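# Observations on chain architecture
For reference, the chains in residue letters:
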Amino acid sequence: QRIAKWGYSAWNSSSSINEACRESHGIEDEWKCMFAEHVSMHVETPAFFVNSKYDPWQLRAILGIKCEYDVGCPAHQETSYVLYGQSMVRSLEILPEKHGYYVSNCIRHCMAGSRGRWNIM
């Protein structure tokens, strides 16, 4: 949270954040509107989200998992990343019906950034 709050301020994000989201979160928590799970509730245009449950950058930077995920990970770290993925899916399951999503179990940071990615999914 500390880094996200810093980024919100350093990047002057307030000017490009969804106004309805900012109003619903208030000044202390408007930084959360940089993240889909918070802003999507306020987006009027139907959206379709494509994401992986398991992002290698997030596993390292957020959870501190430095092993190769399901190969040689201690049980407590494997449990942590499985729970992290489940939490992400739960946040998608509460999206308004006008939005949709596709979630892969592949460990990827960029799911749809290039044509080649679709060939390996």
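For clarity, every value in this text was computed on a predicted model and none was experimentally measured. (Residues numbered from 1 in each chain as written. Predicted model: local features only at pLDDT ≥ 70, side-chain atom pairs only at ≥ 80, totals over all residues. Heavy atoms only, no water.)

Helix and strand counts for the chain stand at 6 helices and 2 strands. Seen in sequence order, the chain has helices and strands lined up from the N terminus as α-α-α-β-α-α-β-α. Looking at the 121 residues of the chain, the share that counts as buried comes to 26%. (Helix = DSSP H or I, 4+ residues; strand = E, 2+ residues; numbered from the N terminus. Buried < 20%, exposed > 50% of the residue type's maximum accessible area, 1.4 Å probe, protein only.)

In this section: the nonpolar core. Judged by nonpolar contacts, Ala-4, Tyr-8, Ile-17, Cys-21, Trp-31, Cys-33 and Val-39 together constitute the single largest core of 7 residues. Look past the residues within four positions of Ala-4 in its chain and what remains in contact with it is Trp-31, Met-34 and Phe-35. Among the nonpolar cores identified, the runner-up in size contains 6 residues, and Tyr-54, Leu-59, Ile-65 and Cys-73 belong to it. (Core = buried A, V, L, I, M, F, W, Y, C linked by side-chain atoms within 4.5 Å. Contact = heavy atoms within 4.5 Å.)

A few words on a nonpolar patch on the surface. The grouping of Trp-57, Ile-62 and Leu-63 at the surface amounts to a nonpolar patch, some 310 Å² of accessible area in total. Note that Leu-63 resides in the loop between helix 4 (56-61) and helix 5 (75-93). (Patch = residues over 30% accessible without salt bridge, like charges linked within 9 Å, V, L, I, M, F, W, Y side chains within 5 Å. Areas by Shrake-Rupley, 256 points an atom, 1.4 Å probe, with all protein chains shown as cover. Salt bridge = Lys/Arg side-chain N within 4 Å of Asp/Glu carboxyl O.)

Under the counting rule described, the total for this entry stands at 3 aromatic pairs. Relative to Trp-11, the ring of Trp-6 has its centre 5.9 Å away and its plane inclined at 75 degrees; by these criteria the two rings are edge-to-face. Accessibility assignment for this pair places Trp-6 and Trp-11 in one class, exposed. Ring geometry for Tyr-54 and Tyr-81: centres 5.6 Å apart, planes at 80 degrees, overall edge-to-face. Note that Tyr-54 is positioned in strand 1 (residues 48-54) and Tyr-81 in helix 5, a separation of 27 residues in sequence. Assessed through its relative accessible area of 10%, Tyr-54 is described here as buried. (Phe/Tyr/Trp six-rings, centres within 6.5 Å; stacked < 30°, edge-to-face > 60°.)

Turning next to helix 1 (residues 2-10). Along helix 1, the residues that are buried comprise Ala-4, Gly-7 and Tyr-8. The buried residues of helix 1 occupy an angular sector of 100 degrees when projected down its axis, which confines them to one face. Those residues of helix 1 that are exposed and angled more than 90 degrees off the buried face are Arg-2, Ile-3, Trp-6 and Ser-9. At its buried positions, helix 1 is contacted by helix 2 (19-29). (Arc of directions from axis to C-beta.)

Taken as a whole, this structure holds 4 salt bridges when the rule is applied. For Arg-22, the salt bridge identified is with Glu-30, shortest N-O distance 3.4 Å. Residue classification places Arg-22 among the partly exposed residues on the basis of a relative accessible area of 21%. Among the residues examined, Glu-30 registers a relative accessible area of 11% and is labelled buried. In this structure, Glu-44 and Lys-98 form a salt bridge, with 3.8 Å as the shortest nitrogen-oxygen distance. Of this pair, Glu-44 sits in the loop between helix 3 (36-39) and strand 1 while Lys-98 sits in the loop between helix 5 and strand 2 (100-107), placing them 54 residues apart in sequence. Relative accessible area serves as the criterion here: at 63%, Glu-44 is assigned to the exposed category. The class for Lys-98 is partly exposed, based on a relative accessible area of 35%.

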